[in-house]
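Each chain, letter by letter, is given below.
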Amino acid sequence: MKWITHKVNKLKQSRLAKDSFWSVFGNGIGNVILLVTSMLVARMLKKDLFGEFGMVKNTMFYIASFSTFGLGYTSTKFIAHAIEEHRSDVSSIVRAVSIITLVSSLIMSALLLLFAEQLALYIQTPQLAQPFRFLGLILITKAVSTTQTGILAGYKAFKPLGINTIISSLTLLVVSLPLTHFMDVYGALLGLLSSQLVLCIANGIIIKRISRTQNDFHKKSLSPTIKKILKFSFPVALQELSYTMCNWGAMLLISKYAAIGEVGLFTAATQWGAIILFIPTLLQNVILSYLSGLTKNTKYHQRFLWQMMTLNLICSILPFLGILALSGVITSFYGNSFADLRVVINVYAFATIPMCLTSVLQADLLAKGHNWMLFILRTIRDVVIVVTAYLLFSTQPEQSTALNLSLINVVAYSLSAITLFVFLQRATNKITTKTNTNSSMQTQEKTQ
């Protein structure tokens, strides 16, 4: 009993445990609200209209992930390192990543505005031209909020970040439902814009409050900092581009070779996959922040890595089993137009297991500065997904379904997790061998 009490008290005092709690609690509540909102919106729009909404929404998420130029992760690493080393350039980093994100998202938004009609015609849904143009506004707010999340994670400000996420999700619930009822897809998009705008404002207030405590505010030139950040984040940005092209490309292929309703099925399945992955996803910035601070301590770095992999696996398997058991009930809630959703959810759920392990391994590669290797490995995975989907869907249009894309994801992410693990193990063994060799040489020199 004393041992248990001691462990509980130790856990309460742990900064990692507190940060993890707020990350999981805040974002967990937010994700539950988002899921409920999505289910209600899907029920109101039916499968085809929800497919249109899913196509526009997913386009926003994928393009926004690239338009941040990888700064969601880069800002976390740079700020965590600067704080760990007690440097005085933290505020400069915050301003630099904010400027880069705003400029890049404005450029992507302008491109989307110019080519919205061509994009809609390519996927044979001309009715989406106007929603794609409207998407530019949401894209900017999403990109900014993504970088803000990385900044707050670098500061280890997970409590206010979690609270802001809940506020944003509640905004989406309150605004989306009445607007969707009266305005269909446009109403759902307005609700999405409102929630992202609220999140940007709330995060901005917290960042400004924290930045006031930094000594270098408005003193140093940003040019060297921007160059340094861009140099580091370039391969990270390429990874995001690869991810964007893969997932967005696969969605485009479904909408081109099959009915838009299949996009609705896949969108709904990925949302339940996100529920399985919500703790690993929420902890990703926490893991990256802590791994970045342990790069010089190989022993504790490896121990922490294994602990996080185990935690992620446990936290994914439990909801995975629950969703498999309740997939029939879940499908019935969406309505008759989603009759084929159950099998898609079940198959996509299997892909989340290697995904949860991949998220930890990717964070470790970023923390160790293996940006280019991570880009190569992720690109290979993404190319495999898109090429396989294209070959299958173009030659056998009847196979261009959400179910088959889910199966492709299961195989691709499983191979990716294995490859990342093998690479990291070999890299760690080389470092350990080199360290032992240096220690032996130093011991011999002292003996002589």
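The preceding data block contains the structure.
Criteria and cut-off values
- Residues numbered from 1 in each chain as written.
- Predicted model: local features only at pLDDT ≥ 70, side-chain atom pairs only at ≥ 80, totals over all residues.
- Heavy atoms only, no water.
- Disulfide = S-S within 2.5 Å.
- Phe/Tyr/Trp six-rings, centres within 6.5 Å; stacked < 30°, edge-to-face > 60°.
- Helix = DSSP H or I, 4+ residues; strand = E, 2+ residues; numbered from the N terminus.
- Lys NZ or Arg CZ within 6 Å of the ring centre and 35° of its normal.
- Core = buried A, V, L, I, M, F, W, Y, C linked by side-chain atoms within 4.5 Å.
- Buried < 20%, exposed > 50% of the residue type's maximum accessible area, 1.4 Å probe, protein only.
- Contact = heavy atoms within 4.5 Å.
- Salt bridge = Lys/Arg side-chain N within 4 Å of Asp/Glu carboxyl O.
- Patch = residues over 30% accessible without salt bridge, like charges linked within 9 Å, V, L, I, M, F, W, Y side chains within 5 Å.
- Areas by Shrake-Rupley, 256 points an atom, 1.4 Å probe, with all protein chains shown as cover.
- Axes fitted to C-alpha atoms, helices over the stretch in contact; angles between N-to-C directions.
- Parallel < 35°, antiparallel > 145°, perpendicular 65-115°, else oblique.
- Left-handed = near helix turned anticlockwise from the far one by under 90°.
- Nonpolar A, V, L, I, M, F, W, Y, C, P; charged D, E, K, R; others polar.

Enquirer: Report on the state of the cysteines, specifying residues and quantitative values.
Expert: What is meant by a disulfide is a covalent connection between two cysteines, made through their sulfur atoms. The full count for this structure, using the stated rule, is zero disulfides. Of the cysteine sulfurs around Cys356, a residue in no disulfide, the closest is that of Cys315, at 8.9 Å.

Enquirer: Residues and numbers for the packing of aromatic side chains, please.
Expert: According to the stated counting rule, one finds seven aromatic pairs in the structure shown. Where Phe50 meets Phe338, the ring centres are 6.0 Å apart and the plane angle is 65°; that geometry is what we call edge-to-face. You can see Phe50 sitting in helix α2 (residues 15-67) and its partner Phe338 sitting in the loop between α10 (298-334) and α11 (341-367), a full 288 residues away along the chain. Of the aromatic side chains, those joined through ring pairs into one cluster are Phe50, Phe53, Tyr334 and Phe338. Just above the ring of Phe333 sits the side chain of Arg43; from NZ or CZ to the centre is 5.5 Å.

Enquirer: Quick rundown of the nonpolar core? Include the residues and the values.
Expert: In terms of nonpolar packing, the biggest core is built from 71 residues, with Phe50, Met55, Phe132, Ile138, Trp272, Tyr334 and Leu405 touching the most fellow members. Ranked by residues supplied to this core, first place goes to α2 with 13 residues. Every residue in contact with Leu405, bar those within four places of it in the chain, is listed here: Ala250, Ile254, Phe266, Ile385, Ala389 and Phe393. Grouped together as the second largest cluster of nonpolar side chains are 44 residues, Ile93, Ile206, Leu288 and Ala363 included.

Enquirer: Residues and numbers for the pattern of salt bridges, please.
Expert: In total, this model carries two salt bridges according to the counting rule given. Between Arg133 and Glu117 there is a salt bridge, and its shortest N-O distance comes to 3.7 Å. Taken as a pair, Arg133 in helix α5 (residues 129-154) and Glu117 in helix α4 (residues 90-122) lie far apart in primary sequence, 16 residues in all. In this structure, Asp382 engages Arg381 in a salt bridge whose closest nitrogen and oxygen atoms are separated by 3.2 Å. Here Asp382 falls in the buried class, since its relative accessible area comes to 2%.

Enquirer: Residues and numbers for a nonpolar patch on the surface, please.
Expert: The grouping of Ile99, Val103, Ile107, Leu111, Leu114 and Phe115 at the surface amounts to a nonpolar patch, some 570 Å² of accessible area in total. Mapped onto the elements of the fold, Val103 is located in helix α4.

Enquirer: Requested: an account of the packing of α4 against α5, with residues and values cited.
Expert: Relative to each other, α4 and α5 sit at 160°, their axes nearing to 8 Å. As judged from the angle between their axes, α4 and α5 are roughly antiparallel. The handedness of the crossing between α4 and α5 comes out as right-handed. Its residues assigned to classes, the contact of α4 with α5 shows 19 nonpolar, six polar and two charged.

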